[in-house]
Amino acid sequence: MKNFLSLIFISILTNFNAQGKEYDSLLLEKVSVAAVKENALIGTNINEKCQLENNQFFKPIHNSLRHITIVTDYILCNDGKANMFFEIYDTQGFKYIRDYDLKLSENLNIDEFKVKFSKQTIEEKTFIHNNINKIIDFIIDYGDKKDKEEVVNSIEEALNPFTEVKKYGLGIINYNATEGYSATGADFKIFNPSKKTIKYIWFTVGGENPVGDLVKSGGKYYRTLKGVGPIESFGVGSWSFDYVWFTDLIEYLRITTIKIQYMDGSIKTIKYNKNMYIGESAYENFISAVNKEEELTKKQSERNLLKNGSNIFEEVELTPEFPGGQNSFISQIKSNLIQNEYGKSEFSFIIEKDGSISNIDAIGDNEILNKDIIQSIKNIKYKWIPAKINSTPVRYHYKSLINIY
């Protein structure tokens, strides 16, 4: 885990600094990458008894980096004995965790780590809170990249059995004897590795009893069964034949030859080779890998659309959060008011993806109070933790009511 954390941190440091922005480098100097232990509890607050409040399980920034978090502060709480906590970031914002529930990268000295955070000024902490999403976005992109690499590798691995049969001209995904009333049928599923489309295919096949001997039915050991296409290049086809043998003694099929007629009229006869057999499990593995790739592409496309889009949302998975909460925000509005006016006003604004606000408006009977509230909100320096959909910050239309009396 420690080596992995070091690699993650180095990757973030290298790639994030490559953006060439001075404040990005400054941001990285003031935070650290760590791992949260399995089933560790985190809290939204630390009370006067040095206990975590509103406990919950850690929610990872990215599913592929299940325990990775960003450490932004170190807190020493003294109720007669030293209780140590770290401030960390999860998908819902800044939370607190006991120091023993956190694993640090091996390139970090724990004492230096604590000293670094304890020396942070209020301005530096505000800077971290206001810009943390820059790192979070990178971690999400980093996790998406790892997911993509994993899916591509799994598809390549799943393709190997299908690539191997190209030299035979055909792959057999499965073939089975099927039970009927005093009769036996046959099922076939094939893969076409050629560049040509199959028009017809003929299977010459015999039936074996449980001990591997051929069973004669109607005076014949073998039957030739015809399947109708088309089966396009790199496509899959399947056929089911009933009442091939009028006996229920057959347990297995024995294929001897396969004849193929392509749409261009050419014909190819193939002698069955056991290396042509792909297997149903290999086919299912491939389908599963392809489905994962499609799901991942869709998810990442939706995330990129949210990240780059200008849509404003009122319904989100995670609502925005002001440092200190809603009550703290209302208190700051009231404390910034200049005019000595009274009344009720409904205000609204857009919380941008970086936590800043825009398009401030206020409606109420007292126009002087409305204008004063707008100016008061503009004077608040702290940014919000933005709303999120699929762990991606989005623009959010925020509305609330304030009563001055």
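Up top is the structure these notes are about.
On a predicted model such as this, the values are computed, not experimentally measured, just so you know.

Q: Teacher, can you tell me more about the packing of helix α6 (residues 326-336) against helix α7 (residues 367-378) here?
A: Packed helix pairs are characterised by how far apart their axes lie and by the angle those axes make with each other. The interhelical angle for the contact between α6 and α7, taken along N-to-C directions, is 115°, at an axis separation of 8 Å. Read as a crossing pair, α6 and α7 show a hand that is right-handed. Residues Phe329, Gln332, Ile333 and Asn336 of α6 form the contact with α7, whose participating residues are Ile373, Ser376 and Ile377. Residue classes in the contact of α6 with α7 are distributed as 4 nonpolar, 3 polar and no charged.

Q: What is the right way to read empty space enclosed by the protein from this model?
A: Within this structure, the stated rule accounts for 1 cavity of 30 Å³ or more. Here the residues of the lining of the largest cavity sort into 4 nonpolar, 2 polar and 1 charged.

Q: Would you explain the pattern of salt bridges in this entry?
A: Side-chain pairing between opposite charges can occur once the charged atoms of the two side chains come close. Counted according to the given criterion, the structure contains 9 salt bridges. For Lys189, the salt bridge goes to Glu280, with nearest N and O atoms at 3.1 Å. Residue Lys189 is located in strand β11 (residues 183-191), and its partner Glu280 is located in helix α5 (residues 280-308); the two are separated by 91 residues in the primary sequence. A relative accessible area of 21% means that Lys189 is categorised as partly exposed. The partner of Lys383 in a salt bridge is Asp354, with the nearest N and O atoms 3.8 Å apart.

Q: I'm lost on the sheet that holds strand β16 (residues 267-271) in this one. Help?
A: An order of β13-β12-β15-β16 is seen for the 4 strands of this open sheet, with the pairing classed as antiparallel. The open sheet has two edge strands with one neighbour each: β13 (222-231) and β16. Along the sheet, successive strands turn relative to each other by an average axial angle of 20°, direction set aside. In this sheet, strand β15 (residues 252-262) lies alongside strand β12 (residues 198-208) in antiparallel orientation, the contact comprising 10 bridges. Of the residues in β15, the one forming a bridge with Trp202 is Lys259.

Q: Just to check I follow, could you spell out the state of the cysteines for this structure?
A: Chemically, a disulfide is nothing more than a covalent bond linking the sulfur atoms of two cysteines. This structure, assessed with the given rule, holds 1 disulfide. A sulfur-sulfur distance of 2.0 Å marks the disulfide that ties Cys50 to Cys77. What sets the handedness of the Cys50 and Cys77 disulfide is the S-S torsion sign, and at about -85° it is left-handed. With a gap of 27 residues between them, Cys50 in the loop between β3 (45-46) and β4 (52-53) and Cys77 in strand β6 (residues 68-78) connect regions that are remote in the sequence. We note that Cys50, like Cys77, is buried.

Q: Explanation requested: the sheet that holds strand β7 (residues 82-90) in the structure shown.
A: Backbone hydrogen bonds hold the strands of a sheet together, and the pairing may be parallel or antiparallel. Spatially, β8-β7-β6-β1-β9 is the arrangement adopted by the 5 strands of the open sheet, whose pairing is antiparallel. The open sheet has two free edges, formed respectively by β8 (93-98) and β9 (102-104), since each of these has just one partner strand. Within the sheet, the average angular offset between the axes of one strand and its neighbour, ignoring direction, is 45°. Contacts from helix α4 (residues 122-164) reach β6, β7 and β8 within the one sheet, and its direction differs from that of β6 by about 150°.

Q: Would you take a moment to explain α4 for this structure?
A: Count 3.6 residues to each turn of an α-helix, and residues three or four apart come out pointing the same way. For α4, which comprises 43 residues, the first-to-last C-alpha distance of 63 Å matches the rise-based estimate of 63 Å (1.5 Å per residue) to within 8%. The axis of α4 is deflected most strongly, by about 50°, at Asn131.

Q: It is not clear to me how the layout of surface pockets should be interpreted in this structure. Could you clarify?
A: Over the atoms rolls a probe the size of a water molecule, and in doing so it shows where empty space is left. Volume-wise, the largest pocket comes out at about 590 Å³. Around the largest pocket, the lining comprises 23 residues; the ones closest to its centre are Glu87, Tyr96, His129, Pro323 and Gly324. Secondary-structure elements contributing two or more residues to the lining of the largest pocket are β6, β8 and α4. Considering each element in turn, the lining of the largest pocket owes the most residues, 6 residues, to α4. Per-class residue counts for the lining of the largest pocket are 9 nonpolar, 9 polar and 5 charged.

Cut-off values and rules
Residues numbered from 1 in each chain as written. Predicted model: local features only at pLDDT ≥ 70, side-chain atom pairs only at ≥ 80, totals over all residues. Heavy atoms only, no water. Axes fitted to C-alpha atoms, helices over the stretch in contact; angles between N-to-C directions. Helix = DSSP H or I, 4+ residues; strand = E, 2+ residues; numbered from the N terminus. Left-handed = near helix turned anticlockwise from the far one by under 90°. Contact = heavy atoms within 4.5 Å. Nonpolar A, V, L, I, M, F, W, Y, C, P; charged D, E, K, R; others polar. 1 Å grid on protein atoms, 1.4 Å probe; cavity = no way out; pocket = protein on both sides within 12 Å on 5 of 7 lines; lining within 4 Å. Points joined across faces, edges and corners; volume = space filled by probe spheres on them. Salt bridge = Lys/Arg side-chain N within 4 Å of Asp/Glu carboxyl O. Buried < 20%, exposed > 50% of the residue type's maximum accessible area, 1.4 Å probe, protein only. Pairing = 2+ DSSP bridges. Disulfide = S-S within 2.5 Å. Expected span 1.5 Å × (residues − 1). Bend = angle between axes of the 7 residues up to and from the residue.

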